[in-house]
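Chain and residue survey
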Amino acid sequence: MCAANDDLEMIHEAEEAAARKILEAQQRVNEMKEQTEAEAKQILKEAEEQTRRATLLLNSDIDKRKAEIEQRIRNETDASVATLEESARGRRTAAIQSVVNMLLRGES
Amino acid sequence: MSGAKGILDMIEAKTAEKAEKIMKEAEELRELRLKEAREKAADLADSTAKKAEKEQKAELARYEASMKLKAKYRTLDAKESLIKDVLDSATKAAEKEIEGKKRKEILIGLAVEGAAALGIQSLELVFPEKQKADIDPAEVAKAVSKVTGEKVSVALAKETVRSSGGLIIRAKDLPKQVDNTIEARAERLSGRMRELAARVLFREKAASE
């Protein structure tokens with residue numbers, strides 16, 4: 001009878017130990033969940049930071065590209081205006097005479 | 001004892017198995033969650049990069065359009081400057097020419113043009129004071145008649161006009177006149193003169209062409 005009680009006592013203790021072990025496992029799972037959430041947040045945070053840096057880099061590049069556009073168009077306009085003025089200089093006398101004729105003689 | 005031992009072993013084995021299952025499921029959930037986070041991060045980076053690139057492209061296109069517009073204005077300014085030079089120089093040249101050897105021919109021409117527009121037979125000429133003595137009204141009348149085919153009479157008005165050159169031709173008894181002084185013609189013909197100057201200077205087509 002005493003041995004049977006001992007056995008029951010041992011089984012009871014084993015069940016308690018098992019419950020503790022399961023509880024410990026669940027605690028580890030909870031810790032793991034928290035850690036996972038923290039890691040996931042960190043991954044997103046790093047991605048946001050990298051994106052922010054990439055955008056800043058792109059924006060700093062845009063000023064350079066704007067300056068290039070401005071310079072290119074200015075050069076093209078300088079050349080075009082110089083050609084226009086040079087060409088018009090050669091026809092200035094004829095233009096003046098044409099206007100004089102219109103003014104004094106009604107010729108067009 | 002052997003019966004109890006079996007039960008104890010079974011409890012231990014089942015517990016170990018359950019704990020292992022709990023941990024395995026947790027590991028799987030962890031991997032899934034991290035995978036999801038990595039995918040979200042990649043999507044964020046991708047969509048942000050695409051958005052930034054699109055915005056940059058649009059901004060550069062707007063900037064280029066604005067620069068081209070400025071360039072167009074600069075070219076127009078240069079053209080305007082060249083046209084103004086021609087018009088100013090032409091006015092001075094006209095004032096000089098109307099005082100030169102072709103003065104009579106020019107003034108008769110202006111009178112004939114005005115008379116033809118008026119279509120009136122009794123006419124008067126109003127000159128700037130310095131030109132008054134140079135023109136014979138009979139000669140003007142003859143030239144007008146030649147162009148209009150009608151006999152006209154032309155007289156010199158007593159009053160004069162303040163002008164650097166040219167004349168006014170008016171009906172003797174009616175309030176009708178054509179102001180062909182240089183100043184009035186320059187104002188009246190300013191649009192056509194500008195067009196003509198541009199056409200010659202820049203080989204532009206006439207508006208009517």
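Residues numbered from 1 in each chain as written. Chains lettered and ligands numbered in written order. Predicted model: local features only at pLDDT ≥ 70, side-chain atom pairs only at ≥ 80, totals over all residues. Heavy atoms only, no water.

1. Description of the overall build of chain A
Short version of the rule: In this description a helix means any DSSP run of H or I spanning at least four residues, a strand means any run of E spanning at least two, and both kinds are numbered starting from the N terminus. Based on C-alpha atoms, the radius of gyration is set beside the globule rule, defined as 2.2 Å times the residue count to the power 0.38. The buried label goes to any residue with under 20% of its type's maximum accessible area, the exposed label to any with over 50%, and the partly exposed label to all in between, with areas taken from a 1.4 Å probe on protein chains only. Values of accessible area rely on a 1.4 Å probe in the Shrake-Rupley scheme; residue burial ignores everything except the protein chains shown. We treat Lys and Arg as the positive residues and Asp and Glu as the negative residues; His and chain ends play no part in the count. Note that the charge is assigned to NZ on lysines, CZ on arginines, CG on aspartates and CD on glutamates.
The helix and strand inventory of chain A stands at 1 helix and 0 strands. Here the C-alpha radius of gyration of chain A, 45 Å, is well above what a compact globule of 108 residues would show, namely 13 Å. Its C-alpha atoms give chain A principal-axis dimensions of about 145 × 25 × 10 Å. A buried classification covers 28% of the 108 residues belonging to chain A. For chain A, the accessible surface area stands at approximately 7300 Å², while carbon and sulfur atoms represent 52% of it. Across chain A, the mean location of the 17 positive side-chain charges is 18 Å away from that of the 23 negative side-chain charges.

2. Overview of the overall build of chain B
When helices and strands are tallied, chain B shows 5 helices and 4 strands. What you see in chain B, going N to C, is helices and strands ordered as α-α-β-α-β-β-β-α-α. The globule rule puts the C-alpha radius of gyration for 209 residues at 17 Å, and the 47 Å found for chain B is more than 25% above it. With the principal axes as the frame, chain B shows a C-alpha extent of 160 × 30 × 30 Å. Counting the 209 residues in chain B, one finds 38% classified as buried. Counting only carbon and sulfur atoms, one obtains 53% of the accessible surface of chain B, whose full area is about 13300 Å².

3. Notes on the domain arrangement of chain B
Definition in use: Just so you know, the domain bounds were taken from an automatic or database domain assignment.
Domain parsing of chain B yields domain 1 (3-98 + 187-201) and domain 2 (103-175). Distance from the C-alpha centre of domain 1 of chain B to the C-alpha centre of domain 2 of chain B: 70 Å.

4. Digging into a nonpolar patch on the surface
How we decide: Residues enter patches when they are more than 30% accessible in relative terms and free of salt bridges; like-charged ones are connected within 9 Å and nonpolar ones (Val, Leu, Ile, Met, Phe, Trp, Tyr) within 5 Å. Salt-bridge detection follows one rule: a side-chain nitrogen of Lys or Arg within 4 Å of a carboxyl oxygen of Asp or Glu.
Taken together, the side chains of B:Leu69, B:Tyr73 and B:Leu76 define a hydrophobic patch exposed on the protein surface, amounting to about 310 Å² of accessible area. Structurally, the position occupied by B:Tyr73 is in helix α1 (residues 2-97).

5. What about the pairing of strand β4 (residues 177-181) of chain B?
Regular strands show a simple pattern: their side chains alternate between the two faces of the sheet. Residue and element names in this part refer to chain B. Using the following cut-off: If DSSP finds at least two bridges between two strands, the strands pair.
Bridge count between strand β3 (residues 166-171) and β4: 5 bridges; the pairing is antiparallel. Pairing of Arg 170 across the sheet is with Gln 177, part of β4. If you look at the hairpin formed by β3 and β4, you'll find 5 residues sitting between the two strands.

6. Section: the environment of B:Glu150
All names here are of chain B. Which entries qualify depends on this criterion: Polar contacts here mean pairs of N or O atoms no more than 3.5 Å apart (in protein, one a potential hydrogen donor and the other a potential acceptor; neighbouring residues in sequence count only if both atoms are side-chain atoms).
Residue position: Glu 150 is located in the loop between α3 (137-148) and β2 (153-156). When the C-alpha positions of Glu 150 and Ile 120 are compared, they lie 9.4 Å apart, and in sequence the two are 30 residues distant. Separated by 3.3 Å, the side chains of Glu 150 and Gln 121 make a polar contact.

7. Re the packing of helix α1 (residues 2-105) of chain A against helix α5 (residues 190-202) of chain B
To be explicit about the condition: Axis definition: a line fit to C-alpha positions, over the contact stretch in the case of helices; interaxial angles, taken between N-to-C directions, run 0 to 180 degrees. Two helices cross in a left-handed way if the nearer one is turned anticlockwise from the farther one by less than a right angle. They cross in a right-handed way if the turn is clockwise. The contact criterion used is simple: two residues touch if any of their non-hydrogen atoms lie within 4.5 Å. For this scheme, ten residues count as nonpolar: Ala, Val, Leu, Ile, Met, Phe, Trp, Tyr, Cys and Pro. Four count as charged, namely Asp, Glu, Lys and Arg, and the remainder, Gly too, count as polar.
Two elements in contact, α1(A) and α5(B), have axes separated by 7 Å at closest approach and are oriented at 140°. Between α1(A) and α5(B) lies a crossing whose hand is right-handed. Here α1(A) contributes A:Leu84, A:Ala88, A:Arg91, A:Arg92, A:Ala94, A:Ala95, A:Ser98, A:Val99, A:Met102 and A:Leu103 to the contact with α5(B), which in turn contributes B:Arg192, B:Met193, B:Leu196, B:Ala197, B:Val200, B:Leu201 and B:Phe202. Residue composition of the contact of α1(A) with α5(B), by class: 13 nonpolar, 1 polar and 3 charged.

8. Thoughts on α5(B)
Because an α-helix completes one turn every 3.6 residues, residues spaced three or four positions apart along the sequence face the same direction. Residues and elements named next belong to chain B. Applicable threshold: Take the residue count of a helix, subtract one, and multiply by 1.5 Å to get its expected span.
For α5, spanning 13 residues, the distance from its first C-alpha to its last is 18 Å, which sits close to the expected 18 Å at 1.5 Å a residue. Considered for burial, the residues of α5 that qualify are Met 193, Leu 196, Ala 197, Ala 198, Val 200, Leu 201 and Phe 202. Taken from the residues just after α5, Arg 203 is the one with a positive phi, measuring 50°.

9. Examining the interface of chain B and chain A
Cut-off, in case you're wondering: Here's the idea: put two parts together, see how much 1.4 Å probe accessible area each one loses, and the total over both is what we call buried area.
Opposite the 66 residues of chain B that make contact, chain A presents 55 residues. Here chain B meets chain A over a buried area of about 5700 Å², counting both sides, of which 72% is carbon and sulfur. Inspection of the chain B/chain A interface yields 7 salt bridges. For A:Glu39, the salt bridge is made with B:Arg30, and the minimal N-O distance between the two is 3.1 Å.

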